[in-house]
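# A look at the structure
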Amino acid sequence: MTTNDLVGIAQAMVADDKGLLAIDESIGSCNRRFAALGIPQTAERRRAWRELIVTTPGLRQSISGAILCDETIRQKPNGGASFAQLLDVAGLLVGIKVDAGTIELAGHPGEKITEGLDGLHARLGTYVEMGARFAKWRGVITIESERPSRGCVEANAHALARYAAICQQAGLVPIVEPEVLMDGTHGLTRCAEVTEAVLRAFFRHADEQGVVLEAMILKPNMVLPGLLSTIQEDVDTVADATVKCLLHTVPASVPGIAFLSGGQSGELASARLNAMNIRFRGHLPWQLSFSFARAIQYPALQIWAGHDEHVQAAQAALMHRARCNQAARRGAYDATLDVAPVAASVQ
Ligand code: 5MM
């Protein structure tokens, strides 16, 4: 895989107003979401849910690629082909989450560092053989009165940059996901300050580690007030603050920015992405896209609820959210039409 090949894959990941579908929840995260809906927390039900998603008819019209987790890429869907083969047949690029999750950052109580750099190059080789074309690593940053610390921001930025360089060496396009969490009472301005600091630190480390910016995708949070903030700014204010933050920090060589949804509702995530594209499309150096998990998977997961007889209705709901987000990339999302049409038909 040459650097030019990687650049081509990165561009394809954000081409044609499509976006990425994150179905890479770790076993623990997936089980938590299943438990809330009374779905059995088994490898078989996790496989069935992921198979429902990747076999959704027409997914390729709105989605360029899907991010799997280690369990899923090794599972065999019912038809016998691998998930990577299913995605390939469906016309989607195969991605893989390669971080090993977060632990408490030593010396920084309450803050997290992401693990997984040891042995990463060898693991990536296995994923390439399985059909993966891109990878993903998430760093987690919390906002509180004295947090994040400089040590936490620097450690996570360094890990993300090392991961990205190793991916490119192994022939995978890295998705770099530094997530500033929405949890807390902080306001929009504080989120903007922290997000700017985190992105600045990442691109400084990326430069030092030799990351080819043209061959990566950034997956940041939007700039939002904390969930418990008493002031919740409107969609246009969020759009302006987010784009301003990105213009301050993200080099023009990066081909695309694919947002995480972070716990926003599907409708709000679409509306905010839509507002960014209405206000700035054609005036930005990078594509503004999406790499949502919850904001695409809900309400399809609620409709499915673990029942095979609900598969078609759940796929229709999933496709609806995928189309809404593609429309948002064009600045053509109409929130007044965003009623999940199949939800009422499921008991
Ligand atoms: C922030 O989470 C990522 C995007 O999902 P949302 O759009 O729902 O915020 C997501 O890709 C996440 O990184 C994966 O689900 C893996 O998370 P865990 O914690 O399960 O490793």
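On to empty space enclosed by the protein, then. What the rule picks out here adds up to three cavities of 30 Å³ or more. Estimates place the volume of the largest cavity at around 70 Å³. Only helix H2 (27–36), helix H3 (43–54) and helix H11 (294–297) provide two or more residues apiece to the lining of the largest cavity. At three residues, the largest contribution of residues to the lining of the largest cavity is made by H2. Within the lining of the largest cavity, the residues separate by chemical class into six nonpolar, one polar and four charged. Here the second largest cavity defines a volume of roughly 40 Å³. For the lining of the second largest cavity, the secondary-structure elements that each account for two or more residues are strand E6 (134–141) and helix H7 (150–170). Considering each element in turn, the lining of the second largest cavity owes the most residues, four residues, to H7. Here the lining of the second largest cavity is built from residues that sort into six nonpolar, two polar and no charged.

All right, on to the site of the ligand then. Among the 17 residues in the neighbourhood of the ligand, the closest are listed as Ser29, Lys136, Ser261, Gly262 and Arg294. The separation between an oxygen atom of the ligand and a polar side-chain atom of lysine 136 is 2.3 Å. In this structure, an oxygen atom belonging to the ligand sits 2.4 Å away from a side-chain N or O atom of serine 261. Expressed as a share of its isolated accessible area of 510 Å², the protein-covered part of the ligand is 91%. When each cavity is represented as a set of grid points, the ligand is found to reside in the largest pocket.

The end-to-end C-alpha distance of H7 is 30 Å, a good match for the 30 Å that 21 residues give at a rise of 1.5 Å each. For H7, the buried fraction is high: 15 of the 21 residues fall into the buried class. Taken from the residues just after H7, glycine 171 is the one with a positive phi, measuring 90°.

Calculation criteria
Residues numbered from 1 in each chain as written. Predicted model: local features only at pLDDT ≥ 70, side-chain atom pairs only at ≥ 80, totals over all residues. Heavy atoms only, no water. 1 Å grid on protein atoms, 1.4 Å probe; cavity = no way out; pocket = protein on both sides within 12 Å on 5 of 7 lines; lining within 4 Å. Points joined across faces, edges and corners; volume = space filled by probe spheres on them. Helix = DSSP H or I, 4+ residues; strand = E, 2+ residues; numbered from the N terminus. Nonpolar A, V, L, I, M, F, W, Y, C, P; charged D, E, K, R; others polar. Near = heavy atom within 4 Å. Polar contact = N/O pair within 3.5 Å; in protein donor to acceptor, adjacent residues only side chain to side chain. Areas by Shrake-Rupley, 256 points an atom, 1.4 Å probe, with all protein chains shown as cover. Sits in = over half its atoms within 2 Å of the grid points. Expected span 1.5 Å × (residues − 1). Buried < 20%, exposed > 50% of the residue type's maximum accessible area, 1.4 Å probe, protein only.

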